[in-house]
Amino acid sequence: MGQFIKGLKNSLESKSLEHHLHPYTNPEVVADIGPQIIQSGDGVRVTDLEGKTYIEGMSGLWCASLGFKEPELVEAAVSQMKELPFYHSFTGKTSEPTIRLAEKLIEISPNNLQQVFFCNSGSEANDTAIKIVWYYQAAKGQAQKRKIISRKGSYHGVTLAAASLTALSYAQEGFSLPLDFALHTTWPHYFQNSYDNESEEDFAKRLASDLENLITLEGAENIGAFIAEPLMGAGGVILPPKEYFELIQPILKKHDILMIADEVICGFGRTGNMWGSETFNVCPDIITCAKGLSSAYIPISAVLMSKDIADEVEKQAVRLGQFGHGYTYSGHPVAAAVALKTLEIMEERSIIDHVKGLENLFLERVSGLKEFDCVGDIRAIGLIGAAEFIKPGTKRTKLDPKHKFSTRVVKAIQENGVIIRALPIDAIAFCPPLIIPSLTSHLAEPTEVQPDKSLPLNNRRWPFFS
Ligand code: PLP
């Protein structure tokens, strides 16, 4: 057991280490430094058990878009709890908020989508989307169209199918994944994966041709769908290269392959439009969404599908006697009421206009990090951004992973009152609640930075704090 647990026996922290298996956590590290227990939240800030307050620069996990104390969301949950705390949607039953939310999602959806299926997390939504693709393809007499293509570096969740499409080793190692339906095409990261002197447009063309080659190799008759985050989030906040979706979608169409947009991070205003699909010209047959749908106040996710898919699913369900898929909590009325209120608040308070209004300043602030010679690339759109680290003096040579550079930068920034996130490609991400009023007034005064000889940035003020 680590130092921390030895020192503080019987504390809440040591109980957490003994009895709570923390997701995405190195048990040895957390046993040494102890878990951080967040006790309360207000606006863009959260406060931990020791009373230290932070700007939550990641909206938690890219999700608490309306901040951490929105009374109208609390009220929506409480009044629905009093009226009907639970009902399900099996065997034709359902509840009013569930129907109203489905109607609202279709009203705001891009590309004329028709029907919604509710789940509880982004992973479940992606697993459901895959099952719907299989069901749909079987209904059309092409049951062998089962393979699903995702991109290397993408994140689609952790359930068995979603984790197979998540093409990041940390989500697959130790689990004997991916399952064999999953195919992975080229990493669409221009900064790291382009050839010297290759333009962004040429890079996008190469990605499109790699995709087509993979389809030819595997046989279009075996491929049911392609899944992509409009902007890759957890894999590095990677924006698609120019023309990317314009080039690949005709290829998918030509081979009768469905397009799934994983909007779990991008959806609900994050990129400056309601959907990342609008920002990056994606025309999805299926959308999966979660996180910002309820501002993360309560678990809920959704799969939106086209009329063609909805019709085939219905016909197949009639043939088989039922649509044999559903979660106890699909369309939970309390979650649906909170999600409806989230969407109402977004409209009433013009949250997307607010994001658009801040977007240039946000980009300017993230761009300011370029002043550091260890920052090779910066990316930002809407209110999501990243800075990627490289070996100083090189164009894009990565730092030795043993330095865990981004983890140490995140730690230093957190010591100065802002929570951000280290990403696996040695980058740091910024994803503040969409309600952040400006990028200066809500930032904490930086505390004295303690000299840390291992961190070359320690005696320099980050532009993000100015
Ligand atoms: N898809 C994307 C793009 C995500 O970023 C995530 C989570 O971060 C997921 C799916 C999985 O969502 P969840 O953690 O709710 O299962």
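Heads up: the structure comes first, above all this text.
Residues numbered from 1 in each chain as written. Predicted model: local features only at pLDDT ≥ 70, side-chain atom pairs only at ≥ 80, totals over all residues. Heavy atoms only, no water.

### Here's the deal with unusual backbone geometry
If a residue is not glycine, its phi is most likely negative; likewise, a peptide bond is most likely trans.
Point 1. At the junction of Leu177 and Pro178, the peptide bond is cis and its omega measures out at 5° in the coordinates.
Point 2. Secondary-structure assignment places Pro178 in the loop between helix 8 (160–165) and strand 6 (182–185).
Point 3. For Ser350, which is not glycine, the phi dihedral falls at a positive 45°.
Point 4. If you trace the backbone, Ser350 turns up in the loop between helix 14 (333–348) and helix 15 (351–367).
Point 5. Take Ser350: its relative accessible area is 35%, and that puts it in the partly exposed class.
Point 6. Although it is not a glycine, Lys404 adopts a positive phi angle of roughly 45°. (Helix = DSSP H or I, 4+ residues; strand = E, 2+ residues; numbered from the N terminus. Buried < 20%, exposed > 50% of the residue type's maximum accessible area, 1.4 Å probe, protein only.)

### Focus on the layout of surface pockets
Point 1. Looking at the second largest pocket, its volume works out to about 750 Å³.
Point 2. Along the wall of the second largest pocket there are 23 residues; nearest its centre are Ser89, Val116, Phe117, Phe323 and His325.
Point 3. Looking at the lining of the second largest pocket, the elements that each hand over two or more residues are helix 6 (96–108), strand 4 (113–119) and helix 13 (307–320).
Point 4. Tallying contributions element by element places strand 4 first for the lining of the second largest pocket, with four residues.
Point 5. Taken together, the residues that form the lining of the second largest pocket break down as eleven nonpolar, eleven polar and one charged. (1 Å grid on protein atoms, 1.4 Å probe; cavity = no way out; pocket = protein on both sides within 12 Å on 5 of 7 lines; lining within 4 Å. Points joined across faces, edges and corners; volume = space filled by probe spheres on them. Nonpolar A, V, L, I, M, F, W, Y, C, P; charged D, E, K, R; others polar.)

### A word on the nonpolar core
Point 1. Residues Trp62, Leu105, Phe226, Phe268 and Leu293 are the most contacted members of the largest nonpolar core, which totals 95 residues.
Point 2. Among the elements that line this core, the one with the most residues is helix 14, at eight residues.
Point 3. Sequence-distant contacts of Trp62, that is, excluding residues within four places in its chain, are made with Gly233, Ala234, Val237, Ile265, Lys291, Ile384, Arg421, Leu423, Ala429 and Cys431.
Point 4. With 27 residues, the next largest nonpolar core counts Ala129, Ala225, Ile260 and Tyr327 among its residues. (Core = buried A, V, L, I, M, F, W, Y, C linked by side-chain atoms within 4.5 Å. Contact = heavy atoms within 4.5 Å.)

### Quick look at the sheet that holds strand 7 (residues 223–228)
Point 1. Here seven strands make up an open sheet; going across it, the order is 4-10-9-8-7-5-6 and the pairing mixed. Across the chains shown, the open sheet's two edge strands, defined by having one partner strand only, are strand 4 and strand 6. Neighbour-to-neighbour, the strand axes of this sheet turn through a mean angle of 20°, independent of strand direction.
Point 2. Across four bridges, strand 7 lies against strand 8 (residues 258–262) in parallel orientation. In the sheet register, Ile227 faces strand 8, and the bridge partner there is Ile260. (Pairing = 2+ DSSP bridges. Axes fitted to C-alpha atoms, helices over the stretch in contact; angles between N-to-C directions.)

### Describing helix 7 (residues 122–139)
Point 1. Compared with the 26 Å implied by 1.5 Å per residue over 18 residues, the 25 Å span of helix 7 between its first and last C-alpha is a close match.
Point 2. Gly141 lies just past helix 7 and shows a positive phi near 80°. (Expected span 1.5 Å × (residues − 1).)

### Some words on helix 6
Point 1. Given a rise of 1.5 Å per residue, 13 residues ought to cover 18 Å, and the 19 Å separating the end C-alpha atoms of helix 6 matches this to within 8%.
Point 2. Those residues of helix 6 lying buried are Pro97, Thr98, Leu101, Ala102, Lys104, Leu105 and Ile108. Viewed along the axis of helix 6, the buried residues span an arc of 165°, placing them on a single side of the element. Looking at helix 6, the residues exposed on the side facing more than 90 degrees away from the buried face are Glu103 and Glu107. (Arc of directions from axis to C-beta.)

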